[in-house]
Every structure is written in structure tokens, then in C-alpha cells.
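Residue-level structure breakdown
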Amino acid sequence: MQLLDRRTFLALTGAAAGATALPRRSKAAPASADVFTADAMGGLVDSTVILGQDKALLIDAQFTKANAEALAETIDATGRDLETIFITHYHPDHVLGLAVLMDRFPNAKPVAHGAVQPLIAQAAQGMLDAMSASRPGVFADRAIVPEALPGDSLMLEGERFDVIGPLHGDTGLVTAVHIPQLATLVAADLVYTDTHVWVAENTTPEDLAAWRASLDQIEAIGAATLIPGHRQAGSANDASAIAHTRAYLDQWEAALAATSTAEELRAAMMVGNDALGMGFALDNAIGAVYPG
């Protein structure tokens, strides 16, 4: 497992020629699951590249044009042909970079779970328009809607990876991908680590209970490597991300019950959380409870 971010991208690109000279592997298993983490402007979102012998599968497409372009360069440096791009849920930070990637890899097929795809189709253009209006030039020039995935699995060079869910996470329908050949679970926005958690869509006990149930379900899979939807660069790829997410949900639920103003809620949520990334997630959560 390799953690890739903007700082390590050039090093990977420089090593690409050497990578092509490695001994050829059996197609009985994928070679690796490599993680690209966006910069802060890109929301610290993770994209995961599953590398086979000759082809690659990408999970999530990044947010900003710059991060999607860097991800495309990273994939190109592997020497593999990008075959499939799987989008885990409809949030813009996982979707809006898709046009950049399709420009670079026009033969790749973008897909999403059949329950998630209609949400993307309904929201993608509006999300892009709204984001572009506030941050011109930062995002792709058009929205691309993935096709509905037939069934509940992804394939790469004859190997099957199970799509888990949709489950309730930071929004109502989030899918994860289990790669048993690598003892890896790509958990997407069911799990965060070392960041504030997007809880703006989870402000009731019922929603939070549903999210905790999802955490229980993915924890039971027992994957040795767990890739969160958002992280700070250098954060671990393991079950500690589940613990971080649970603790944040507990703190959020307690703070909602114990406070009565936006200022009190913010203060309660900052206790012990000064070092977390993605402060905008907390801003949006407070705005969801105390609009205006």
C-alpha cells in the first residue's frame, strides 16, 4: 500500500520507467491498491487506484481540476490502461473530477451503483454550476454522469471485487469496495481519519445510529487495510479510522444534545479536535443545525 499525495507525485512519476521493468505477476491477484490524497483545497479526499498486470481500476474521481489532473498523471505513470472508474456516492468531491479523467482516459468506463447513479444524474450539473460560480476555474468544464453498474461487483483482469452497500454514511447512500485479494476495504465516506467528519446530513439520533450500524458492518469484514474517504496525508490505512469516526459521531451527538447555540456547538466540537483537517466540514454541520 502506497500513500500518494501532491508531494510524492513527482517521485512516483520519476520511478515509472523502473516500475515497468518489474517481473510480470500472475493475474491471480491485483498488484496493489495505491491511494492518492488530495490537497486541502481538494478536500483531502482519497482516490484509490487498483493496479492489475496491465489495467487499472479507479475508485472515486477527485474534486478539483488540479487534483484530478495530478491523479491522472499518477495513473499514467503506472503504465496501466485505466479500464473502470467507480464512483462511491454522489457528493461533488468524489464526482466532479470525472471529466478531467475521461479526457485523459477516454476508453475508461465510469460507473456507480444502481441506487447511487440516479442521485449523481440528478445532482452533478447543479453541483458543478454552484461550485464553479463561487470558485471559477477550479473545477472541470462539464459534469459527467457515470453509468449504472450492473450487479454488485467490479472486475479487473478476471478478479472480482465486491461492492458493499449502499450503506448510510456521511450521506444516505455510500458504497464501499472490498478487495479480498489484498485484504483491503475502500470505505469511502463511511469512514474518515484525522479530519472533521461531514455530519451536516446526520443531525438526528436515527441518522447517527444508522451510520454506526454501517461502521459495525464494515468492521466485521476484518480487512487489514482500510482506506477512508478523507484523511490527512500520512494517516494510517487501518481500523483506527473506524474508531476516529465513531468517536466523532459520539461527540457530535452529545454536543447536539448539550448545546443551544452555534457558538456553543462549535466550542463543544473543537474540544480535542484542534489538529483535525477539513474545518469546512464542521462549518457546514453547524450551518445545518443553525442556518443563517
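Scroll up a little and you will see the structure.
Here is a short report on the structure shown in this document.

1. Looking at the overall build of the chain
When helices and strands are tallied, the chain shows ten helices and twelve strands. Computed over its C-alpha atoms, the radius of gyration of the chain comes to 18 Å, within 12% of the 19 Å expected for a compact globule of 292 residues. Averaging the coordinates of the 17 positive side-chain charges in the chain and doing the same for the 35 negative ones gives two points 8 Å apart.

2. Some details on the nonpolar core
Formed by 33 residues in total, the largest nonpolar core has its most connected members in V191, V199 and I218. Mapped by element, the contributors of at least two residues to this core are β9 (159–167), β10 (174–179), β11 (184–193), α7 (205–221), α8 (240–258), α9 (262–270) and α10 (279–289). Sequence-distant contacts of V191, defined by excluding residues within four places in its chain, comprise L215, I218, L226, P228, G229, H230, A241, I242 and T245. Ranked by size, the runner-up nonpolar core spans 28 residues in total, among them F36, V95, V100 and M102.

3. Quick notes on the packing of α7 against α8
In a packed pair of helices, the relevant descriptors are the angle between the two axes and the axis-to-axis distance. For the pair α7 and α8, the least separation of the axes is 11 Å and the interaxial angle reads 165°. Classed by the angle they form, the pair α7 and α8 counts as roughly antiparallel. For the crossing formed where α7 meets α8, the hand is left-handed. Across from P205, L208, W211, R212, L215, D216, I218 and E219 in α7, the residues of α8 making contact are I242, T245, R246, L249, D250, W252 and E253.

4. Points about the packing of α9 against α10
At a minimum axis separation of 10 Å, α9 and α10 run at an interaxial angle of 145°. Here α9 and α10 pass one another in a crossing that is right-handed. Between α9 and α10, the residues in contact are A262, L265, R266, M269 and M270 and L282, D283, I286 and V289, respectively. For the contact of α9 with α10, the class distribution of residues is seven nonpolar, no polar and two charged.

5. Quick word on unusual backbone geometry
A cis amide bond, omega 10°, links G165 with the succeeding residue P166. With respect to the helices and strands, P166 occurs in strand β9. Although it is not a glycine, L44 adopts a positive phi angle of roughly 55°. Residue position: L44 is located in the loop between β2 (32–37) and β3 (46–51). Among the residues examined, L44 registers a relative accessible area of 12% and is labelled buried. Here Q62, not a glycine, exhibits a phi torsion of approximately 75°, which is positive.

6. Some remarks on α7
Over its 17 residues, α7 extends 25 Å from the first C-alpha to the last, a length consistent with the 24 Å expected when each residue adds 1.5 Å. Within α7, the full set of buried residues consists of L208, W211, R212, S214, L215 and I218. Burial along α7 is one-sided: seen end-on, the buried residues are contained in an arc of 155°. Looking at α7, the residues exposed on the side facing more than 90 degrees away from the buried face are E206 and A220. Looking one or two residues past α7, G222 carries a phi angle of roughly 75°, positive in sign.

Cut-offs and rules
- Residues numbered from 1 in each chain as written.
- Predicted model: local features only at pLDDT ≥ 70, side-chain atom pairs only at ≥ 80, totals over all residues.
- Heavy atoms only, no water.
- Helix = DSSP H or I, 4+ residues; strand = E, 2+ residues; numbered from the N terminus.
- Rg over C-alpha atoms; globule rule 2.2 N^0.38 Å.
- Lys, Arg positive; Asp, Glu negative; His and termini not counted.
- Charge placed at Lys NZ, Arg CZ, Asp CG, Glu CD.
- Core = buried A, V, L, I, M, F, W, Y, C linked by side-chain atoms within 4.5 Å.
- Buried < 20%, exposed > 50% of the residue type's maximum accessible area, 1.4 Å probe, protein only.
- Contact = heavy atoms within 4.5 Å.
- Axes fitted to C-alpha atoms, helices over the stretch in contact; angles between N-to-C directions.
- Parallel < 35°, antiparallel > 145°, perpendicular 65-115°, else oblique.
- Left-handed = near helix turned anticlockwise from the far one by under 90°.
- Nonpolar A, V, L, I, M, F, W, Y, C, P; charged D, E, K, R; others polar.
- Expected span 1.5 Å × (residues − 1).
- Arc of directions from axis to C-beta.

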